Every structure is written in structure tokens, then in C-alpha cells.
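Overview (structure and organization)
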Amino acid sequence: MQSLIVLAMRKRFLQTILSGVILALLSTAFLGCRNSGEKQAVSKEKKVLVIAKEAFQRSKTNMDGSISSQWLLSDSLSEYASIEHIEKLATINDDPIKRLIAFRALLSKYPHEAVNLAISHIEDTTIVSTTDGVCGEEDRVSNVRICMLHDNERYHVSEEDLVRLDSAMLFSANISKFGYSYWLYQYIPAKTEYEDRLRQIYEQDPWALVTLAKYKREKDKQKIISLLSLARDKESINIRDTLSAALHAVAFWPDIAFKPLVQQGCQRIMNDRYGLFEVAFRALIAYNEQWSYDMVEKALADAKQKKRDDFGYLVLNFHNAYEDNPRPLFKQLIEKYPLEK
């Protein structure tokens, strides 16, 4: 069951990051190939040299449906260049965009070696411009690599290698700088060797409490209560992150001591539309009791009756939460509120 939850969460994570379009920076840095096949790759590089746009393109296709020149270059390197040459390009080039283009080529053909490279360069916090097809954003090279490695539908990295990657991420000195840590805390297992590190991280990042909740230590109960209470008392401008972290923790540890604050927090989400429907549903499903069932049913029924414009969004979030934790008690609600076509 845990592995299924992990895969579902990873898949959902990827759906939020993999789309986009922009013509990106290509250059003659990918030179020095060794055999005739590699020379073909160099020839392709020269053909796709264009006016540089300094952003790493995450998606494969352009807006017109054509394959992006960055991806063509990655594919060419993967097909013709030696692993030694690709690894060199992915590590020593001064341009982070070119390093990532080469890393994608390595990942496509040698996923195990790509994981090794990502782990050995886990502290690479170089800022790089990226595009999701609609707008650009800055990210860190290591975080971009990690996002690609978790695209299992495309690259098929082994579960063993993903575990090694998660462990390296957890013990990274720069964990707080990576957006990926939000997902890491949710599905990394509660191993004994991780607990001290998580407590250390918690001093700077309350989100580490999400993983600590999996250990179900009595000494952490008050931490969750305090976080839920803080979310209850804060103004709406500050509530989202605090309440989200607290309810994610509750989803892994649905203790009766949290019940009153969970009820208040979830009701506030449903009434005020904070965009945290899925984590609220996850927390309520985790309790697997009649009162939590009633809260879910009421939220869906009220949204449908009032013809709220976000009703379909609520249903989608409920289905996502149920997929992570398919408790039989809630199955009839899945049938009563099917996904809209």
C-alpha cells in the first residue's frame, strides 16, 4: 500500500511540473565526440544552433507540436555520444542549461548513472532559468535534475535508485532551498536512521513534521497540536502553508487528540476555499470514522447544491485523496460523486 501511495504522489507531482514550450539555448560546447556516430551528434548540434533564449525547456514539444531543439539535442547525444562524454558535458560545462541538456541525455540512456551523478552533485544550487510553457521561473540545477529523475513514466528510474536519491536529498545541507522537499517529506519512509536528521531539519522547517508524524512519537503530538492551533488563529494571508503542513502530518497520524482542531481547520478550508481541499480530504479519510465521512459528504453535497464553480475541483481532489488511501468507508462517495468528463 505504501508503494502505491508513493507512486501516486510522485505521478501527481510530475503532472504539476511537466508541460511547456520555449526555444532554448544551444551552443558549440557539445564538441569533442570520439567516433563517427558522435560526429553525427555534433552535426545535429550545429544545425539546431539558434538565437539563444536562456531558459531550460522542461517539456518536449513546442506550442505548434514540434519537438524542441533542446530535446532533439538531448536525444542526439543519448543516441550517439559515449557515456563518458555525456557525463563530462553534464558536469563541467559552465552553462547550467547545457549541463541539464546533457543530463537529460544521460538519464534517457543510463538512468542509474544519472542518479549517481545527481547524488554526487546534490549540492549544486546554481540558479537556472526554466520554462513551463506559459511563464518562466528560476530553479536550482539540483532540483531540476531531481524532478526529471522522478518522471518514471518517461525514464523508468528504479525504485532502489529513487530511495538512494531521497536519502541524499534528506541529508543535503541545502534541503531547505529545494522545492522538492515538500514532496520528499510526504513519502520518505520513517526509517530509524532518518529520525535525528528530521528533528534537526524541523528546527528550521516545520514541514519536516509531516515525516516525523509517521513515527507517531508521543513527544511530537504537541507539535502537531501547536501547528493546528497556529493555523486556526492566523489570518487568511498566512494560513495556507501552516494549515497544509499540519493536515499533511495528521494524514499520517490521525490521532484522536487532533480531532477538534482538524474539524475546525477542514471546515475553514471548505467554507473559505483556501485551495487545500485535497489535504483536508486526506486528513479526514485517514480518520476513517463516521464524523470524518460526514464532513466529506457535507462538503461535496453543499458544493453541488449551491452549484459552486469549484465543485468539479472538489470532486477531483476527493478522488485524488481516496486514491492515496482507499478506505472502504468512502467508496460509496466515490461512486456518488464521479469525476466529471
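What counts, and where the lines are drawn
Residues numbered from 1 in each chain as written. Predicted model: local features only at pLDDT ≥ 70, side-chain atom pairs only at ≥ 80, totals over all residues. Heavy atoms only, no water. Buried < 20%, exposed > 50% of the residue type's maximum accessible area, 1.4 Å probe, protein only. Helix = DSSP H or I, 4+ residues; strand = E, 2+ residues; numbered from the N terminus. Arc of directions from axis to C-beta. Contact = heavy atoms within 4.5 Å. Expected span 1.5 Å × (residues − 1). Core = buried A, V, L, I, M, F, W, Y, C linked by side-chain atoms within 4.5 Å. Pairing = 2+ DSSP bridges. Axes fitted to C-alpha atoms, helices over the stretch in contact; angles between N-to-C directions.

Turning our eyes to something else, we now look at helix H6 (residues 111-120). Within H6, the full set of buried residues consists of Ala-114, Val-115, Leu-117 and Ala-118. Buried residues of H6 fall within an arc of 160° about the axis and therefore sit on the same side. Looking at the buried positions of H6, the neighbouring elements they touch are helix H4 (83-92), helix H5 (96-109), helix H7 (141-149) and helix H9 (159-170).

To continue, consider H9. The first and last C-alpha atoms of H9 sit 16 Å apart over 12 residues, in line with the 16 Å expected at 1.5 Å per residue. Listing the buried residues of H9 in full gives Asp-161, Leu-162, Leu-165, Asp-166, Ala-168, Met-169 and Leu-170.

Turning our eyes to something else, we now look at the nonpolar core. Buried together is how nonpolar side chains tend to be arranged in soluble globular proteins. One finds Leu-228 and Leu-247 to be the most contacted residues of the largest nonpolar core, which totals 100 residues. Filtering out sequence-adjacent residues up to four positions away, Leu-228 remains in contact with Leu-243, Ala-246, Leu-247, Val-250, Phe-258, Leu-261 and Val-262.

Pairing between the strands of a sheet is mediated by backbone hydrogen bonds and can be parallel or antiparallel. The strand order E1-E2-E3 describes an open sheet built from three strands, whose pairing is mixed. Edge positions in the open sheet fall to strand E1 (56-57) and strand E3 (136-140), since each of these has one partner strand only. The sheet contacts of H7 involve E1, strand E2 (127-131) and E3, and relative to E3 the element is tilted by about 95°.

Taken together, the two bridges between E1 and E2 define a ladder with parallel strand orientation. Following the sheet pairing, Phe-56 is matched in E2 by Thr-130. Of the pairings in the sheet, the one linking E2 to E3 comprises five bridges and is antiparallel in character. Each residue of the ladder has a partner; that of Thr-131, found in E3, is Gly-136.

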